[in-house]
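Below, each chain spelled out in residue letters.
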Amino acid sequence: MSLIAVVGDGCTTTALGMAAAWPSDNRCLLAEFDPAGGCLAAWLDVPRSPGLAEGAASSSPGTWSTIQSVVQRSGSGVDVLVAPTRSVEAAAVVLAASVSMLPVLSALDSTVVIADGGRLRGPLSALVSQAAVVVVAHRQHAGSAAAAALGFERLAELTSQLAVRSIPTVVALIGSRPYATDEVAAFVRADTVVALADDPWAAAVLAGRAGSGPRLRRSPLMRSLRELAAIVSVSLRQMRSYDGRSPHDNHSLDDRS
């Protein structure tokens, strides 16, 4: 089981950056399961179809061969399964794909699936419930300690829901002010809190803006995304080592000491 759900603030940038930075020992697929609509076709300059909609509408949507047939290869080398851009269509397609395609993706061993789940609204989504690991991207409000604290209260509510279900959780904290990573880690219920650089230039390049590839790879954001990808990759390998156990039975994500 190698399904990673990425949700929260800046989750598309985080998911794409993780896929680009993923260690080369596993094939990695980036999938959009955001019911608010997909961005990756535009960001990666690939056609809007085929993608999740065509896979869900197939006569055999619940097979890996069908999913592979609608995966596109981006110019940057990332394999991507794109969702419709419009929210009404995307919501219907994600709902259908969650029933037929998501169980196949969540059961894969040879391919790591990093899925952009958008901002969670209300109950936990099917994507989050079936994930081996959930990465919650959270941008703190640098200009207001009160606003930042309110954001962390809501973040703690979400991570508590995940903890109750024993779903391993990593918080990807965007920005270093007003609260430090260790302060946030002490407040929220997450296995690991990783600091992501607040790097508007690199984020814009990931979103399709022209920019130097070497400079992007050396950017603070990509360096921190490589750290995040490495931590989650190690966690998946640890969970696979528990023979006969569900990944959700492993409560420790970062037990590397």
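In what follows, the structure referred to is the one given above.
Summarised in this report is the structure supplied together with it. Residue positions within a chain follow its written sequence, with the count starting from 1. Two thresholds apply to this predicted model, a pLDDT of at least 70 for residue-level local features and 80 or more for giving and counting side-chain atom pairs, whereas whole-chain, interface and lining totals are computed over all residues. Only heavy atoms go into the side-chain values, all of them from the structure, while hydrogens and water stay out.

**Some points on a positive patch on the surface**
Argument step 1. A cluster of basic side chains, namely Arg209, Arg215, Arg217, Arg218, Arg223 and Arg226, defines a positive patch on the protein surface.
Argument step 2. In this text, helices come from DSSP runs of H or I with a minimum length of four residues, and strands from runs of E with a minimum of two, each type numbered from the N-terminal end. Inspection of the secondary structure assignment puts Arg218 in helix H11 (residues 213–218). Patches were defined on residues exceeding 30% relative accessible area and lacking a salt bridge, with like-charge contacts within 9 Å and nonpolar side-chain contacts (Val, Leu, Ile, Met, Phe, Trp, Tyr) within 5 Å. Computed with the Shrake-Rupley method and a 1.4 Å probe, the accessible areas treat only the protein chains shown as cover for residues. One side-chain nitrogen of Lys or Arg within 4 Å of one carboxyl oxygen of Asp or Glu is enough to make a salt bridge. The charge count includes Lys and Arg as positive and Asp and Glu as negative, but it does not include His or the ends of the chains. Note that the charge is assigned to NZ on lysines, CZ on arginines, CG on aspartates and CD on glutamates.

**A short note on helix H8 (residues 145–164)**
Argument step 1. Here H8 contains 20 residues, and its C-alpha end-to-end distance of 28 Å stays within 8% of the 28 Å for a straight helix at 1.5 Å per residue.
Argument step 2. Those residues of H8 that fall on the buried side of the exposure criterion are Ala148, Gly151, Phe152, Leu155, Ala156, Leu158, Thr159 and Leu162.
Argument step 3. Residue contacts are counted whenever heavy atoms from the two residues lie within 4.5 Å of one another. Against helix H7 (126–130), strand E6 (133–139), strand E7 (169–174) and helix H9 (181–187) lie the buried residues of H8.
Argument step 4. Within two residues after H8, Ser166 carries a phi angle of roughly 60°, on the positive side. To estimate the expected span of a helix, count its residues, drop one, and scale the result by 1.5 Å. Here the term buried applies to any residue with accessible area under 20% of the maximum for its type, exposed to any over 50%, and partly exposed to those in between, with areas from a 1.4 Å probe on protein chains only.

**Quick word on the sheet that holds E6**
Argument step 1. Following DSSP output, two strands are said to pair if at least two bridges run between them. The eight strands lie next to each other as E3-E4-E2-E5-E1-E6-E7-E8, forming an open sheet whose pairing is mixed. Two strands lie at the open edges of the sheet, namely strand E3 (72–73) and strand E8 (192–196), each paired on one side alone.
Argument step 2. As paired elements, E3 and strand E4 (residues 79–81) share two bridges and run antiparallel to each other. Each bridged residue has a counterpart across the sheet, and for Arg73 the counterpart in E4 is Asp79.
Argument step 3. Structural elements are reduced to axes, namely lines fitted to C-alpha atoms, with helices fitted over the stretch in contact, and the angle between N-to-C directions of any two is expressed from 0 to 180 degrees. Strands in contact with helix H12 (residues 220–240) are strand E1 (3–8), strand E5 (111–118), E6, E7 and E8; relative to E8, the strand with the most contacts, it is inclined by about 155°.

**Brief notes about the pairing of E6**
Argument step 1. When you tally the buried positions in E6, you get six out of seven residues, the bulk of the element.
Argument step 2. Bridge analysis of E1 against E6 gives five bridges, and the strand direction is parallel. Bridging from a neighbouring strand, Ile4 pairs with Val133 of E6.
Argument step 3. Note: E6 against E7, six bridges, orientation parallel. If you follow His138 over to E7, its bridge partner there is Leu173.
Argument step 4. Since E6 and E7 lie parallel, the crossover through H8 that links them has a hand, and here it is right-handed. Clockwise travel from the first strand over the helix to the second, with the strands pointing away from the viewer, marks a crossover as right-handed.

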